[in-house]
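# Examining the three-dimensional arrangement
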Amino acid sequence: MWTDLLLAALLAIVFLLLPGLLLVRALGSRWELALCVAPAATLVGYGILSIGYGALGVPCGWPTLFLPLVALGVVLCLVRARRSRAVVPGFDARLEAPPFGRGPLSRLSSVQLAMVLGVAAALATSVSVYVLSLGDPNSFVQTYDNAWHLSRVHEFAESANYSPLAGGLYPSAWHGIAAMVESGLGVSTAVAEHAANLAFIIGAYPASSVLLLATLFPDRPRRVVLGGMLCLIFAFFPWRIMLFGPLYPNLAAFTLMPAEAALFILLCGKETEGSERPRYAALFVIGGAAMALAQPNAIFSAGVFLMPYCVWRLREFVSSRLGGKPRRLLRSVGAAALLALAFVTLWVILAKAPFMREVVEYPRKPLLDLGTAVRWGLGFSFVIRRQQFFIAAVVALGALVLLLRPGRRWLVVSYALLLGIYVVAVSTEGAIQHLVAGFWYSDYYRLAAAVCVFCVPVVAAGMDAVVGIVMWCARGLGRRFSALRECSFAGGAIASTAVVCAILALNYVPFDFVEWYYRSYGFDAVAYEMRDLYQNPANRILGDEEKEFAKRVRGLIPEGERVLNVPFDGSAYSYSACGLDVVYDSFSIDQNPDFETLRTSLNRIASDDGVRAAAERAGVRYVLQLDQGSEPNGFGPESSIYTLGYDSKLWRGLTSISDSTPGFECLLSEDDMRLYRIAV
């Protein structure tokens, strides 16, 4: 079974990267740049095709999505190769040079080395924190949102309709990748879900982060290399948002944000040649469309990160245009202030817009007081409650370094702005919370993840400063002691490597020799939570015996028949896990009046003509119970049920049915599990 997960993850990475890599490469981009933005191009290609196929009735799947895009990419690459061999420089020439003059890494440029280290870090962290916590690759998180995710993936694979418009508009880029894996390999929906997550974490996020680092620090190859290695240094992202919800679509969208921000900076940068801007503009639009197809709130997160850049860039532009004219500084600062005011005005207008009200005014209770929120945000514990003091110190050093250098101070402002929005979301409620954090449903999980994503440049600058300090000390020793002069560089390199490794070890491992309060329990905490959710039977509302019962039910009922169920007893997962076509394959309730009648009054079908008519119109003839009981909540005292959002009054018509209820025939019975056929 573990080989199934390995093959599924590899296939998901290929599905995610290869089409976009070829298409962006056909634009004349270097392969490194093409690899960084490949996921966005792939998702947009899949989105366009799936919407078109859905409208025309053409089945979706890897043969009709993956193969046409790959073929198109190959053709376009061949056409470009015949016309011109010129390619757009992917990165600054200083980043194209190998950082090592000899050894096995001498063939890799700084960008390539950063990508290799980023993928290695993502792979190691994914295995240790995520994969080893599963227990069984077919296990899945049984929480509110995941019933919807699993059902949508399985529905995509089963119906061969991947359109985000299917069943109502919903961003489904992540679901499409998982469905392609499920239909392509025939693995379970849970395995396909894990494979899609790994594809975005390993295949998309490191390269996306490297593109942002290379764009921000073209003159600092060491900073880019270190940043690639550090892109998954924070315990919160992506692991914690995989446990809350889980927010898998947000995970996918957030891995695209660094590349999207980098493309905007390249588009607006003064060093970018005019002939390159249309290409970057096209890629930027593609990246925005990809984030919209994955989870649109990522656009707001990237926008917050880029707003300080826009203000700084406008000031620089106005200042350079004015040249030696009087009041140049005052005018440039005034222009920047006007742009900042425009951003604030637009923010308020959008927050107050009627079409945004459902999102912006989503009720969210505060979790922390203001002081604790600031402290936990600065310590990168957020809601994990396990602070990462050592890496927080590196971030503080990086922020200081960036503030001391003109041209990159806006990075600290962006980081502080995102952190401030998180603090407001987690520590306030009401009008202020809605105005400041409402674009994210005031969800501090999403905001904490955005802080982690866009703090990578700051932590890279801090770690680069650490290395620089160690190297400076080594050179100082060489100047002071002639015997050490010849080996001062090598000694500094060894010492700085040891210091970086020590910081990483202290960040990942809670060593006993460290004072308890300062130990880094962050990764241990998220791994513990994952093991608990995936492996603890107490967290499984659909247990193994219930799965087997649902499979037997599927074998008993005729093809095409739907089964009425109470999703909160675990049957919401029986569609994706067992292939049983239940009416409620998620925890949301539709507004269909017939189904509302059945939920509240089906037990009276033998004596109520209205209920009987509703059942006939709905086309329902079977009822499933996985936790039959007579407690006030409608279940038994030992039942494993999901209580979030459950209102017993809304389901009384189903939970009140028993073997003695008139109008029902028991077809299958085991312990507290029942399958009934409506016999009137």
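Preceding this section is the structure that the text describes.
Below is a summary of the structure that appears in this document. Since we're looking at a predicted model, the values are computed, not measured.

### Section: the environment of Asp-647
Among the structural elements, Asp-647 can be located in the loop between strand E2 (622-625) and helix H27 (652-655). According to the relative accessible area criterion, Asp-647 is partly exposed, its value standing at 27%. For Asp-647 and Phe-568, which are 79 residues apart along the polypeptide, the C-alpha to C-alpha distance reads 9.8 Å.

### A few points about a nonpolar patch on the surface
Together, Leu-6, Leu-7, Leu-10 and Leu-185 make up an exposed nonpolar region whose accessible area comes to about 380 Å². With three residues, helix H1 (residues 2-25) is the single largest residue contributor to the nonpolar patch. Positionally, Leu-185 belongs in helix H7 (residues 173-185).

### Description of the nonpolar core
In terms of nonpolar packing, the biggest core is built from 173 residues, with Phe-236, Phe-380 and Tyr-422 touching the most fellow members. Tallying contributions element by element places helix H8 (residues 189-216) first for this core, with 18 residues. With 48 residues, the next largest nonpolar core counts Ala-147, Cys-578, Leu-580 and Tyr-646 among its residues.

### Considering empty space enclosed by the protein
Taken as a whole and assessed by the stated rule, the structure comprises three cavities of 30 Å³ or more. In this model, the largest cavity occupies a volume close to 130 Å³. What lines the largest cavity is a set of 13 residues, and nearest its centre among them are Tyr-46, Gly-47, Ser-50, Ser-172 and Ala-173. For the lining of the largest cavity, the secondary-structure elements that each account for two or more residues are helix H2 (31-56) and H7. Classifying every residue of the lining of the largest cavity gives nine nonpolar, four polar and no charged.

### Describing the packing of helix H15 (residues 370-378) against helix H17 (residues 409-427)
Between H15 and H17, the shortest axis-to-axis distance is 9 Å and the interhelical angle comes to 140°. Considering their axes alone, H15 and H17 lie oblique with respect to each other. The interaxial crossing formed by H15 with H17 has right-handed handedness. Where H15 abuts H17, its residues Leu-370, Ala-373, Val-374, Gly-377 and Leu-378 lie against Tyr-415, Leu-419, Tyr-422, Val-423, Val-426 and Ser-427. For the contact of H15 with H17, the residue count by class is nine nonpolar, two polar and no charged.

### Let's talk about the layout of surface pockets
The volume enclosed by the largest pocket comes to roughly 1,400 Å³. Along the wall of the largest pocket there are 37 residues; nearest its centre are Asp-145, Tyr-170, Gln-295, Tyr-441 and Arg-446. Contributing elements (two or more residues each) for the lining of the largest pocket: helix H6 (144-159), helix H10 (248-268), helix H11 (277-294), helix H12 (297-322) and helix H14 (357-360). With four residues, H6 is the largest single contributor of residues to the lining of the largest pocket. Tallied by class, residues from the lining of the largest pocket come to 24 nonpolar, eight polar and five charged.

### A few points about unusual backbone geometry
The omega angle of the peptide bond from Phe-237 to Pro-238 is 5°, so this bond is cis rather than trans. Within the secondary structure, Pro-238 sits in the loop between helix H9 (221-230) and H10. Of note, the bond from Gly-245 into Pro-246 is cis; its omega dihedral lies within 30 degrees of zero at -5°. Relative to the helices and strands, Pro-246 resides in the loop between H9 and H10.

### A short note on the pairing of strand E3 (residues 664-670)
By the bridge criterion, six bridges tie E3 to strand E4 (residues 673-678) in an arrangement that is antiparallel. Bridge pairing in E4 links Leu-668 to Leu-675. Connecting the antiparallel pair E3 and E4 is a turn made up of two residues, with Asp-671 showing a positive phi of about 55°.

### Quick word on the environment of Arg-107
Relative to the helices and strands, Arg-107 resides in the loop between helix H4 (93-96) and helix H5 (110-130). The spatial distance from the C-alpha of Arg-107 to the C-alpha of Arg-386 is 40 Å, given a sequence separation of 279 residues.

### Points about H7
Its 13 residues give H7 an end-to-end C-alpha distance of 19 Å, which sits within 8% of 18 Å, the value for a rise of 1.5 Å per residue. Looking only at H7, the buried set comprises Ala-173, Trp-174, His-175, Gly-176, Ile-177, Ala-178, Ala-179, Met-180, Val-181 and Glu-182. Phi for Gly-186, located one or two positions after H7, is positive at around 70°.

### Some details on the pairing of E2
Burial along E2 is two-sided: the residues Tyr-622 and Leu-624 and Val-623 and Gln-625 are all buried. Here three bridges tie strand E1 (residues 563-565) to E2, and the two strands are oriented parallel to one another. The residue bridging Val-563 from the neighbouring strand is Tyr-622, located in E2. Two elements, E2 and E4, share four bridges in a ladder whose sense is antiparallel. Each residue of the ladder has a partner; that of Val-623, found in E4, is Tyr-676.

### What to know about the environment of Arg-375
Within the secondary structure, Arg-375 sits in helix H15. By relative accessible area, which is 42% here, Arg-375 ends up partly exposed. Remark: the alpha-carbon pair of Arg-375 and Val-423, spanning 48 residues in sequence, is separated by 9.6 Å. Those residues within four positions of Arg-375 in sequence are excluded, and the remaining contacts are Gln-387 and Tyr-517.

### Some remarks on the sheet that holds E3
One open sheet holds the four strands; their spatial order is E1-E2-E4-E3, and the pairing between them is mixed. The outermost strands of the open sheet, each flanked by one partner alone, are E1 and E3. Across the sheet, the mean angle from the axis of one strand to that of its neighbour is 25°, orientation sign disregarded. On the sheet, helix H23 (residues 544-556) packs against E2, E3 and E4 and is oriented at approximately 135° with respect to E3.

### Focus on the packing of aromatic side chains
Two numbers describe a pair of aromatic rings. These are the distance of the centres and the angle of the planes. All told, the structure shown has 44 aromatic pairs when counted by the stated rule. Consider the rings of Phe-511 and Phe-513, whose centres lie 5.4 Å apart with planes at 20°: the pair is stacked. Centroid distance Phe-587 to Tyr-642: 4.9 Å. Interplanar angle 25°. Geometry classified as stacked. Placement of the pair is Phe-587 in the loop between helix H24 (574-578) and helix H25 (593-601) and Tyr-642 in the loop between E2 and H27, with a sequence separation of 55 residues. In terms of burial, Phe-587 and Tyr-642 fall into one category: buried. In this structure an aromatic cluster arises from ring pairing among Phe-140, Tyr-144, Phe-568, Tyr-573, Tyr-584, Phe-587, Phe-595, Phe-635, Tyr-642, Tyr-646 and Trp-651. Taking NZ or CZ as reference, Arg-223 lies 4.7 Å from the ring centre of Phe-217, over its face. Geometry around Trp-651 places Arg-599 over its ring, the cationic atom sitting 5.7 Å from the centre.

Reading the values: the criteria
Residues numbered from 1 in each chain as written. Predicted model: local features only at pLDDT ≥ 70, side-chain atom pairs only at ≥ 80, totals over all residues. Heavy atoms only, no water. Helix = DSSP H or I, 4+ residues; strand = E, 2+ residues; numbered from the N terminus. Buried < 20%, exposed > 50% of the residue type's maximum accessible area, 1.4 Å probe, protein only. Patch = residues over 30% accessible without salt bridge, like charges linked within 9 Å, V, L, I, M, F, W, Y side chains within 5 Å. Areas by Shrake-Rupley, 256 points an atom, 1.4 Å probe, with all protein chains shown as cover. Salt bridge = Lys/Arg side-chain N within 4 Å of Asp/Glu carboxyl O. Core = buried A, V, L, I, M, F, W, Y, C linked by side-chain atoms within 4.5 Å. 1 Å grid on protein atoms, 1.4 Å probe; cavity = no way out; pocket = protein on both sides within 12 Å on 5 of 7 lines; lining within 4 Å. Points joined across faces, edges and corners; volume = space filled by probe spheres on them. Nonpolar A, V, L, I, M, F, W, Y, C, P; charged D, E, K, R; others polar. Axes fitted to C-alpha atoms, helices over the stretch in contact; angles between N-to-C directions. Parallel < 35°, antiparallel > 145°, perpendicular 65-115°, else oblique. Left-handed = near helix turned anticlockwise from the far one by under 90°. Contact = heavy atoms within 4.5 Å. Pairing = 2+ DSSP bridges. Expected span 1.5 Å × (residues − 1). Phe/Tyr/Trp six-rings, centres within 6.5 Å; stacked < 30°, edge-to-face > 60°. Lys NZ or Arg CZ within 6 Å of the ring centre and 35° of its normal.

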